[in-house]
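Analysis of the macromolecular model
The lines below spell out each chain.
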Amino acid sequence: MKLWQRTILAGAALLFAAGAAHAEDVKIGFVVKQPEEPWFQDEWKFAQQAAKEKGFTLVEIGAEDGEKVMAAIDNLGAQGAQGFIICTPDVKLGPGIVAKAAANNLKLMTVDDRLVDNSGQPIESVPHMGISATKIGEAVGDAIAGEIKKRGWNLADVGAIKVSYDQLPTAVDRVNGAIESLEKAGFPEKNIFNAPQAKTDTEAALNAATTVLNAHPDIKHWIAFGLNDEAVLGAVRATESVGIPAANVIGVGIGGADSAINEFKKPTPTGFFGTVIISPKRHGYETSVDMYEWIADNKAPPALTLTSGELATRDDYQQVRKQLGLQ
Ligand code: GLA
């Protein structure tokens, strides 16, 4: 073979390698804000399942603050990744994340928490998968209202702990959905007490809820709702720590991962009455497959996907999980 023939062949091989992305060449990052939370561990687990099935590499990164997010994106770029999915610790990092992804030539999708621009509007150009926050919040409120009725409590005597995290739009939508359902059922607005949490974990929710309980020692019956299971578990732990019996508390969370299931498995019922189970499989597996197809087949993901939830209580969580294909 002449030198010029060899050169052409080598050139063709290079072109081929650069053009088509082989599964084994695809590397995708999955960045989450709270790696210790069971929900995010489940997302990673299902994302890894997608990686195994499709044959790409998935890089799991925990990024609890803005600095870590920016470093993670640079790191993915340096590793030769082609894209990433992120649940950001702060949605206001939106424009910075978009710019950083572009600078590193990385495709970008968000999961759970949608990025906002400088005026607080969702960044619609970034494909997103989140939960139907208002609807799921309404399901929480309906479940609590139903249980209040069943227990025969007088609505006027019940206090509500609203565990809030107002810098996160999905958190606002979830608690507002719950409040709407409760008020529809006749729950008095004046009995709803705000418990703003400094972080979205159980400890921060416990601290926030304790302040509310201490301010209203006269109230006998309590309900609790918030962003997720961790928020409601924090409120329930707070009621326990001030000596309110479990039978006087109805907390309903959102999530359905181990934090909730372990609570249901306790031999004696606690004030954690139920959870609206959402789907870490859709959020982890589907976003990863979407990103893979975007990279490998140039098929852009849907702009917005909102997933649903299903109420489960201590009594029926095993059946509900089975129905949802979680067991
Ligand atoms: C937010 C919450 C998580 C989980 C997801 C679901 O990110 O912090 O606990 O509820 O939404 O999308």
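What you see is a predicted model; the values in this text were computed from it and never measured.

Take the overall build of the protein next. Summing up its helical and strand segments, the protein has 11 helices and 12 strands in all. For the protein, the C-alpha atoms occupy an extent of roughly 95 × 40 × 30 Å along the three principal directions. The buried share among the 327 residues of the protein stands at 52%. Expressed as a percentage of contacts within the protein between residues at least 6 apart in sequence, the contacts between residues at least 24 apart total 74%.

Turning next to the UniProt feature "domain: Periplasmic binding protein/LacI sugar binding" (unreviewed entry) in the protein. Feature annotation in UniProt places "domain: Periplasmic binding protein/LacI sugar binding" (unreviewed entry) on residues 27–303, given in this structure's numbering. Helix makes up 45% of residues 27–303 and strand 20%. Its end C-alpha atoms lie 22 Å apart.

Glu37, Asp112, Asp113, Arg174 and Asn228 are the nearest of the 13 residues found near the ligand. Separating an oxygen atom of the ligand from a side-chain N or O atom of aspartate 113 is a distance of 2.8 Å. Here an oxygen atom of the ligand sits 2.8 Å away from a polar atom, N or O, in the side chain of arginine 174. Cavity membership is defined here by more than half of the atoms lying within 2 Å of grid points; on that basis the ligand lies in the largest cavity. Tallied by class, the residues present in the shell around the ligand amount to six nonpolar, two polar and five charged.

Let's shift gears to the pattern of salt bridges. Using the criterion set out here, one finds 10 salt bridges in the structure. A salt bridge links glutamate 263 to lysine 266, with the nearest nitrogen and oxygen atoms 3.1 Å apart. What makes glutamate 263 buried here is its relative accessible area of 3%. Overall, the relative accessible area of 32% leaves lysine 266 in the partly exposed class. With a closest N to O distance of 3.0 Å, glutamate 293 and lysine 299 form a salt bridge. Among the residues examined, glutamate 293 registers a relative accessible area of 17% and is labelled buried. Several salt bridges converge on common partners, so that one network encompasses Arg237, Glu240, Glu263 and Lys266.

The rules behind these values
- Residues numbered from 1 in each chain as written.
- Predicted model: local features only at pLDDT ≥ 70, side-chain atom pairs only at ≥ 80, totals over all residues.
- Heavy atoms only, no water.
- Helix = DSSP H or I, 4+ residues; strand = E, 2+ residues; numbered from the N terminus.
- Buried < 20%, exposed > 50% of the residue type's maximum accessible area, 1.4 Å probe, protein only.
- Contact = heavy atoms within 4.5 Å.
- UniProt positions renumbered as here; feature names shortened; annotations may be inferred.
- Near = heavy atom within 4 Å.
- Polar contact = N/O pair within 3.5 Å; in protein donor to acceptor, adjacent residues only side chain to side chain.
- 1 Å grid on protein atoms, 1.4 Å probe; cavity = no way out; pocket = protein on both sides within 12 Å on 5 of 7 lines; lining within 4 Å.
- Sits in = over half its atoms within 2 Å of the grid points.
- Nonpolar A, V, L, I, M, F, W, Y, C, P; charged D, E, K, R; others polar.
- Salt bridge = Lys/Arg side-chain N within 4 Å of Asp/Glu carboxyl O.

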